[in-house]
Amino acid sequence: MSAVAVEGVWKYYGDYPALRDISLEAAEGTCLALIGRNGAGKTTLLRAIAGFSTAQRGKIRICGKEPREAETRSRLGFIGHGISVYDELSALENLTLFGKLYGLADPKKSANEWLERTGLERVRNGLVREFSRGMRQRLAVARAFLHEPSVMLLDEPFTALDDRAIAVLQRLLREALAAGKTIVMSTHQLKEALELASHVALLNRGQLAFHGARTQEMVDDPGYVYARYGEGA
Amino acid sequence: MLASLFDASVWTALIAAAVAAVASILFLRTRNFLYDSLALSATETGLVLIAAGIVAGAIAGHAGAGLWWTWDARVTTALVGFLLYAPYLMLRGAIEEPTRRAASAAVVSIFAIFDLPVIALAVNWWLARRAAPVSVDASWMILPLALLGAGFTWIRLRQEQRRRARDAERRTAQEI
Amino acid sequence: MKYLRQVATIAVKDVRAELRTKEAINASLAFALMILLLFSYTFNPAQEMMREVSGGLLWIVFAFAGTLTLNRSFARELPNDCLDALIAAPIPGSALFLGKCFASFVLVLAVELVSLPVFGIFYNVHWTAQLPALFGVLLLGTWALTVIGTIFSALTVNIKLREVMLPMLTYPILMPALMAAMRLTTLLVTGQPIADDDMAWLKMLIGFDVIFTAVSLALVETVLVG
């Protein structure tokens, strides 16, 4: 049973298919890089896997269960375009809140731990609206990892991160992979993503143009996949 | 005659509201857009009928009592019913994405149908003391009006289906 | 138990966030006082007729000022995409909904409890004669306002013209509850108990609360996830 299984998924906006017959899998402990041009359907696919929207046709299973089941939601971590933390609350209050929502045994303790792991322990009581951009990004990462999810879905996580935040995220992702967690990550930042990825999938206009293991050619030349399998190939 | 028209149009509009509610529930169950188009067509038909009925009721009231608005319980209920369903159309206009639009509209339709009997009751308690309602036998008018309403709904439904097909073509064409 | 804790977590979060910024509550309070002041221009507060319109006036104030708070309920989740994080969390949609309902309920009630004495002062009405019953009606009517306002706040959170659509959807549906609350409040504020005739209105208000809380809970997942 794979960690993430997408079978014959079609997603329509009205009568327009944004995703057409997508089938892919991500085994446990692997990192799948989802690449494609803007509008190819990466965000749509990720949000469908995360359970934010339902596919009209096909099945999505996370560790064999449906995305919206409570058990699945407990083991899923999602980073979208927004930081998903509250400006009016402090860093500690934010993480404690999500700790409680995820049913952690000691939300405050976990919150403090993750503040340290993302280098935010000194501003734990500061309100998020006063944070710099990089600090906000690191808090978003802390929120996503807080409940130790076994499957992480990341939508263009490296975009607009400062260097320190990128380093923190890469370190955390590497540790997660080493611990056997699964990652599905959509990205434009091919270099950072391909360093971590074990597998690559290319989306082109809602269809899967390529899905397979990452090869050395891809690492050497990030544009390789586009050239070989993308439009104009 | 007008009073009969008013009465019949209210009953027919009620049928339209019920059709819309059932179609909305069916849409939420099956996600088939045919039901969404049916709910929209039925609601529009109902609104037209109710509006015509309110005008007829007001004219009838004027003929009888010299006032344009007699605060008759049934005409007032009809007006509130109109105000209840008009936002359904406004809401649809405010949502671009078809699935979201259909689902949201369906929710509103379901809330509205639960509210209709409560509104009728409330307005009746409020206003029934003022003027005894004139009893009118309008049953002969209901069937023709219902057929007319069904006809409108059918035409509108076909129109909606054609629009959806065109919409899908347009979105597909935009890729190229 | 776990469910109640989840509801409480959401409710506390909303109230805490609102008390930090005080955006909605300040606007709501200012609006309420403004309406009370404006109406005193139309109605000479000394007149006897004032007593008859007191319930109507109060609930117009509560409903209109309350909408400002209810609009914020789900709209506060939009900046930073917090709504995504809440929907992704393993709490039932109904827990999220009820948590927000309770938070809004408390905030709207707070504005009402300030407006009531101000009303009493401006219009020289001794409103404390039937206090327990009055609070009962206040709670029931505010719950109706809150439930409908919160579910439609969730429905309209992502659409254009949200500030216009929310009142347009909420007020027609609320009409029976508002009518009942107005009638009962007029009686109680002027010191009369609820007689047999008007018991029906009380039952209607309770019935409204029960029915629409149930309908909202049944449809909340659809509203949140689509």
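Please read these numbers as outputs of a predicted model, since none were measured by experiment.

**Q** How should the overall build of chain B be read in this particular structure?
**A** Helix and strand counts for chain B stand at 5 helices and 0 strands. Mapped in sequence order, the helices and strands of chain B form the string α-α-α-α-α. Taken along its principal axes, the extent of the C-alpha atoms in chain B is 65 × 30 × 25 Å. Pairs at least 24 apart in sequence give 78% of the contacts found in chain B among residues at least 6 apart.

**Q** Help me understand the environment of L224(C) in this model?
**A** Residues and elements named next belong to chain C. Along the chain, the position of L224 falls in helix α8 (residues 196–225). Overall, L224 belongs to the partly exposed group, with 19 C-beta atoms counted inside 10 Å. Sequence separation between L224 and L83 is 141 residues; the distance between their C-alpha atoms is 9.2 Å. Residues contacting L224, with those up to four places away along its chain left out, are I87, G93 and A154.

**Q** What is the right way to look at the pairing of strand β5 (residues 76–79) of chain A in this model?
**A** Where a strand is regular, its side chains alternate between the two sheet faces. Residue and element names in this part refer to chain A. Residues L76 and F78 of β5 are buried on one face, and the alternating residues G77 and I79, pointing to the opposite face, are buried as well. Where β5 and strand β6 (residues 151–155) come together, 4 bridges link them in parallel fashion. By the bridge assignment for β6, L76 is matched with V151.

**Q** Could you clarify how one ought to interpret the interface of chain B and chain C in this entry?
**A** Note on interface size: it is often stated as the accessible area lost on association of the parts. Taken together, the 25 residues of chain B in the interface contact 22 residues of chain C. For the side of chain B that touches chain C, the secondary structure elements donating two or more residues are α3 (73–94) and α4 (98–127) of chain B. Ranked by the residues each element gives to the side of chain B that touches chain C, the list is headed by α4(B), at 16 residues. In terms of residue class, the side of chain B that touches chain C is made up of 21 nonpolar, 2 polar and 2 charged.

**Q** Hey, could you run me through the nonpolar core in this one?
**A** General note: in soluble globular proteins, nonpolar side chains tend to be found buried as a group. Grouped together as the largest cluster of nonpolar side chains are 196 residues, with contacts concentrated most on A33(A), I49(A), L153(A), V184(A) and A39(B). Per element, the largest residue contribution to this core is 15 residues, and it comes from helix α7 (residues 162–189) of chain C. In contact with A33(A), not counting residues within four places along its chain, are M185(A), T187(A), A193(A), L194(A), A197(A) and V200(A).

**Q** How should I be thinking about the confidence of the model for chain A in this particular structure?
**A** Reading fine detail from the predicted coordinates is not recommended where pLDDT is low. Looking at chain A, the pLDDT average stands at 89 and 98% of residues meet or exceed 70. The weakest mean pLDDT in chain A belongs to helix α9 (residues 224–229) of chain A at 77; the strongest belongs to helix α3 (residues 91–101) of chain A at 96.

**Q** Help me understand unusual backbone geometry in this model?
**A** If a residue is not glycine, its phi is most likely negative; likewise, a peptide bond is most likely trans. With a phi angle near 50 degrees, D21(A) is a residue other than glycine that sits in the positive phi range. Structurally, D21(A) can be placed in strand β2 (residues 16–26). One non-glycine residue, N124(C), lies in positive phi territory at about 55 degrees. You can see N124(C) is positioned in the loop between α5 (93–123) and α6 (131–155).

**Q** Any chance you could explain the interface of chain C and chain A here in plain terms?
**A** Contacts between chain C and chain A engage 18 residues on the former and 25 residues on the latter. Contributions of two or more residues to the side of chain C that touches chain A are made by α1 (2–21) and α4 (82–88) of chain C. Ranked by residue count, the leading element in the side of chain C that touches chain A is α1(C), at 6 residues. When its residues are assigned to classes, the side of chain C that touches chain A shows 9 nonpolar, 5 polar and 4 charged.

**Q** Would you mind showing me how to read the packing of α5(C) against α6(C) here?
**A** What describes two packed helices is the angle between their axes and the distance between those same axes. Residues and elements named next belong to chain C. Across the interface, α5 lies against α6 with an axial gap of 9 Å and an inter-helix angle of 130 degrees. Compared by their axis directions, α5 and α6 come out oblique. Between α5 and α6 the crossing geometry is right-handed. Only L138, T142, W143, L145, T146, V147, G149 and T150 of α6 make contact with α5, whose side of the interface consists of F97, K100, C101, S104, F105, V108, L109 and E112. Taken together, the residues that form the contact of α5 with α6 break down as 9 nonpolar, 5 polar and 2 charged.

**Q** Would you take a moment to explain the sheet that holds strand β7 (residues 182–186) of chain A for this structure?
**A** Note: strands within a sheet are paired through backbone hydrogen bonds, in either parallel or antiparallel orientation. All names here are of chain A. One open sheet holds the 6 strands; their spatial order is β5-β6-β7-β3-β8-β9, and the pairing between them is mixed. Of all the strands in the sheet, just β5 and β9 (207–213) have a single pairing partner and so form its edges. Ignoring strand direction, the axes of neighbouring strands in this sheet form an average angle of 15 degrees. Relative to β5, helix α5 (residues 133–145) is tilted by about 165 degrees, and along the sheet it contacts β5 and β6.

**Q** Got a minute to help me understand the packing of α7(C) against α8(C) in this structure?
**A** Residues and elements named next belong to chain C. One way to put it is that α7 packs onto α8 with a least axis distance of 9 Å and a crossing angle of 135 degrees. The angle between α7 and α8 falls in the class oblique. Note that α7 runs across α8; the crossing there is left-handed. Touching P176, A177, A180, A181, R183, L184 and L187 of α7 are D198, W201, L202, M204, L205 and F208, all from α8. When the residues that make up the contact of α7 with α8 are grouped by side-chain class, the tally is 11 nonpolar, no polar and 2 charged.

**Q** What exactly am I supposed to notice about the sheet that holds strand β1 (residues 4–13) of chain A here?
**A** Residue and element names in this part refer to chain A. In spatial order, the strands read β2-β1-β4; together these 3 strands make up an open sheet with antiparallel pairing. Edge positions in the open sheet fall to β2 and β4 (57–62), since each of these has one partner strand only. Looking at each pair of strands side by side, their axes are set apart by 25 degrees on average, direction ignored. Here β1 pairs with β4 via 5 bridges, running antiparallel. Looking at the pairing, V6 lines up with I60 of β4. Its contacts with the sheet put helix α1 (residues 42–50) on β1, β2 and β4, and the angle it makes with β1 is roughly 120 degrees.

**Q** Just to check I follow, could you spell out α1(A) for this structure?
**A** The α-helix advances 3.6 residues per turn, and as a result positions three or four apart in sequence lie on the same side. Residues and elements named next belong to chain A. Among the 9 residues of α1, 7 are classified as buried, and the element is accordingly described as predominantly covered. Among the residues of α1, those classed as buried are K42, T44, L45, L46, A48, I49 and A50. One or two steps after α1, the chain reaches G51, where phi turns positive at roughly 95 degrees.

About the thresholds
Residues numbered from 1 in each chain as written. Chains lettered and ligands numbered in written order. Predicted model: local features only at pLDDT ≥ 70, side-chain atom pairs only at ≥ 80, totals over all residues. Helix = DSSP H or I, 4+ residues; strand = E, 2+ residues; numbered from the N terminus. Contact = placed C-beta atoms within 7 Å. Buried ≥ 20, exposed ≤ 12 C-beta atoms within 10 Å, placed from the backbone. Pairing = 2+ DSSP bridges. Nonpolar A, V, L, I, M, F, W, Y, C, P; charged D, E, K, R; others polar. Core = buried A, V, L, I, M, F, W, Y, C linked by C-beta atoms within 7 Å. pLDDT = per-residue confidence, 0-100. Axes fitted to C-alpha atoms, helices over the stretch in contact; angles between N-to-C directions. Parallel < 35°, antiparallel > 145°, perpendicular 65-115°, else oblique. Left-handed = near helix turned anticlockwise from the far one by under 90°.

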